[in-house]
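Structural description and commentary
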Amino acid sequence: MVLENVSLKRSLGLWAIVGLGLGYMTPTIVFDTFGIVSEETNGVVPLAYLTALVVMLFTAISYGKMVKVFPSAGSAYTYTKETMSPHLGFLVGWAALLDYILLPMVNALIIRIYMVSVFPNVPAWIWVVVYVAIVTAINVWSMGKTSSLNSILVVFEVVLIGAFIVLAFIKLSQGMGQGTIFTAEPLFHSNIHLGHILTGATVVCFSFIGFDAVTMYAEEAKDQKTLPRAIMLTVFIGGAIFFVCGYFAQALFPDVSNFKVTDDTLPEIGLYVGGTLFKLIFLAGAFAATVASGLASHASVSRLLYVMGRNGVLPKKLFGYVHPKFRTPAFNVILVGVVSLLAIAPSLELISSFINFGALIAFTFVNLSVIAHFVFRQKRYKTGKDIFAYIVMPLLGAGLTGILWYNLQADALIGGIVWVVIGFIYLLFQTKFFKVKITDFDFDEAERTTTL
């Protein structure tokens, strides 16, 4: 790893940043999780996305406020640490770390399902091992991504989604599914309950993870003032894509009885809507997007672990190690690869729920940090406008996020709590029972200039 004493180049405009956010979100994920969410909600997938979108909008507004205050560090743990407590910030960061570690595994799991759908006679574990080995090797050797490459992938995804909508129009007009383009069934019918909708919204929150990553480009934006707009646009555009695709998919498939595999329905949706050729094209686009996301997430968490190791939060000899030839955090890359191999067995629903545990905690504390900073520190509560902006809005965001957090799967909730307890024990060890300060592991400006 080479440290450069120069700041990052401010080369990203508004739409480039939005494109990066959408690329991280991977819009085609709506088709991967469709079967899971349709079962959870009793057939109202778009309503689950609409519910999640409302929750995410409140949190996005809070992110927009906090990124103005801390333009060089865009993360929930930084906001919590700076506005509440370093120790609480560490625990929020530790919970969020669960997302980063498991996200590469999700990509490996989705690739496994894609490949099994095309080559059903090949053992599933082989695809996981091959994919993880390739991604790990690339990251050990060197891996870079550019805004332009990301934009190409996002455009490719959007074109495929547009093709799906056109084919859905044709199929619905021919009598498939609901047999009509305009129907209220995907949004409301007699067999739905609020609990089902909230459970589904909790699952689809996984689809929105990535809009918060927009804040990480604060030092690369041509104008930092565009960050709040970029966050909101990413959530709105991503949410609109999820809602529209969810609507047409639900209209075409009122229930999951037609699917052989409900854990990832993208391959079969492509087959039923456009035939074998479209299925392969659909898979190719989703495959490319998933691999790109896998490379990026693998590299990101490896870098985060390196910074934590270099700063002493994790054992420095291992996590702070840099390969002398490739100048990459090789140990961390390999460790993430080993964790990703666990994708051989778990379901997408379970792993996404684990990821949502950390994400929802992070989102909750971003909302609370708005109150801590603007109300308790800056005393911004003397006008009705301030009360609405800095108390009512973030409280609604935190409350709604908390409701989704409460509706997580029991396994994910228990596993997430165990993870936080481990983090708390580690915090006690690091601080010698709070007698010393916790080591900082933020991405400060110097660390952002690091090249792998």
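These figures come from a predicted structure and were not determined experimentally. (Residues numbered from 1 in each chain as written. Predicted model: local features only at pLDDT ≥ 70, side-chain atom pairs only at ≥ 80, totals over all residues. Heavy atoms only, no water.)

1. Comments concerning the packing of helix α9 (residues 194-208) against helix α14 (residues 348-377)
Following both chains from N to C, one finds α9 and α14 inclined at 80°, their axes separated by 9 Å at the closest point. The angle between α9 and α14 places the two elements in the roughly perpendicular class. For the pair α9 and α14, contact is made by Thr-202, Val-203, Cys-205 and Phe-206 and by Ser-352, Ile-355, Asn-356 and Leu-360, respectively. The residue inventory of the contact of α9 with α14, partitioned by class, reads five nonpolar, three polar and no charged. (Axes fitted to C-alpha atoms, helices over the stretch in contact; angles between N-to-C directions. Helix = DSSP H or I, 4+ residues; strand = E, 2+ residues; numbered from the N terminus. Parallel < 35°, antiparallel > 145°, perpendicular 65-115°, else oblique. Contact = heavy atoms within 4.5 Å. Nonpolar A, V, L, I, M, F, W, Y, C, P; charged D, E, K, R; others polar.)

2. Focus: the packing of helix α6 (residues 86-118) against helix α16 (residues 410-431)
What describes two packed helices is the angle between their axes and the distance between those same axes. Two elements in contact, α6 and α16, have axes whose closest approach is 10 Å; the angle formed by their N-to-C orientations is 130°. By the criterion of interaxial angle, the relationship of α6 to α16 is oblique. Remark: the crossing between α6 and α16 carries right-handed chirality. Seen from α6, the contacting residues are His-87, Phe-90, Leu-91, Trp-94, Ala-95, Leu-97, Leu-98 and Ile-101; seen from α16, they are Trp-419, Val-420, Ile-422, Gly-423, Phe-424, Tyr-426, Leu-427 and Thr-431. For the contact of α6 with α16, the residue count by class is 13 nonpolar, three polar and no charged. (Left-handed = near helix turned anticlockwise from the far one by under 90°.)

3. Some thoughts on the side chain of His-373
Examined against the element boundaries, His-373 turns out to sit in helix α14. What His-373 contacts, discounting residues up to four positions off in sequence, is Met-66, Val-69, Thr-83 and Gln-378.

4. Some words on the side chain of His-298
Topologically, His-298 is positioned in helix α11 (residues 266-310). Take His-298: its relative accessible area is 2%, and that puts it in the buried class. Here Val-333 takes part through its backbone oxygen, which lies 2.9 Å from a polar atom of the side chain of His-298. What His-298 contacts, discounting residues up to four positions off in sequence, is Pro-104, Val-135, Thr-136, Asn-139, Val-333, Val-336 and Gly-337. (Buried < 20%, exposed > 50% of the residue type's maximum accessible area, 1.4 Å probe, protein only. Polar contact = N/O pair within 3.5 Å; in protein donor to acceptor, adjacent residues only side chain to side chain.)

5. Looking at the nonpolar core
The biggest cluster of nonpolar side chains holds 128 residues, and the ones touching the most others in it are Phe-31, Phe-164, Phe-211 and Ile-269. A per-element tally of this core places α6 first, with 19 residues. Beyond its immediate stretch of four places on either side in the chain, Ile-269 contacts Phe-31, Phe-34, Phe-164, Phe-253, Phe-259 and Phe-282. (Core = buried A, V, L, I, M, F, W, Y, C linked by side-chain atoms within 4.5 Å.)

6. What to know about the environment of Gly-35
Looking at where Gly-35 falls in the secondary structure, it is placed in helix α3 (residues 34-41). C-alpha of Gly-35 to C-alpha of Asp-264: the two residues are 229 residues apart in sequence and 6.7 Å apart in space. The residues touching Gly-35, leaving out its near neighbours within four places in the chain, are Val-256, Thr-262 and Thr-265.

7. Section: the pattern of salt bridges
Evaluation of the coordinates by the stated rule reveals two salt bridges. Measuring nitrogen to oxygen at the nearest pair gives 3.2 Å for the salt bridge that ties Lys-81 to Glu-82. The partner of Arg-380 in a salt bridge is Asp-386, and the shortest N-O contact between them spans 3.6 Å. (Salt bridge = Lys/Arg side-chain N within 4 Å of Asp/Glu carboxyl O.)

8. Description of the confidence of the model for the protein
Of the residues in the protein, 89% have a pLDDT of 70 or more, and the chain-wide mean is 83. Here helix α17 (residues 445-448) is the element of the protein with the lowest mean pLDDT, 38, and α3 is the one with the highest, 92. Taken together, the stretch residues 1-8 has pLDDT below 50 and engages in 22 contacts with residues farther than four places along the chain or on a different chain. Below a pLDDT of 50 lies the segment residues 442-452, which in the model reaches 44 contacts outside its immediate sequence neighbourhood of four places, other chains included. (pLDDT = per-residue confidence, 0-100.)

9. Re the packing of aromatic side chains
For the coordinates displayed, the defined rule picks out 26 aromatic pairs. Each ring, one from Phe-34 and one from Phe-259, has its centre 6.2 Å from the other, and the planes form 70°; the classification is edge-to-face. One end of the pair, Phe-34, is in helix α3; the other, Phe-259, is in the loop between α10 (226-252) and α11, and 225 residues separate them in sequence. Across this residue pair, the class does not change: Phe-34 and Phe-259 are buried. Here the aromatic cluster, defined as three or more aromatic residues joined through ring pairs, consists of Phe-90, Trp-94, Trp-419, Tyr-426 and Phe-429. (Phe/Tyr/Trp six-rings, centres within 6.5 Å; stacked < 30°, edge-to-face > 60°.)

10. Some points on α11
Here α11 is 45 residues long, yet its end C-alpha atoms lie only 41 Å apart, well below the 66 Å a rise of 1.5 Å per residue gives. After α11 finishes, the residue Gly-312 shows a positive phi value of roughly 90°. (Expected span 1.5 Å × (residues − 1).)

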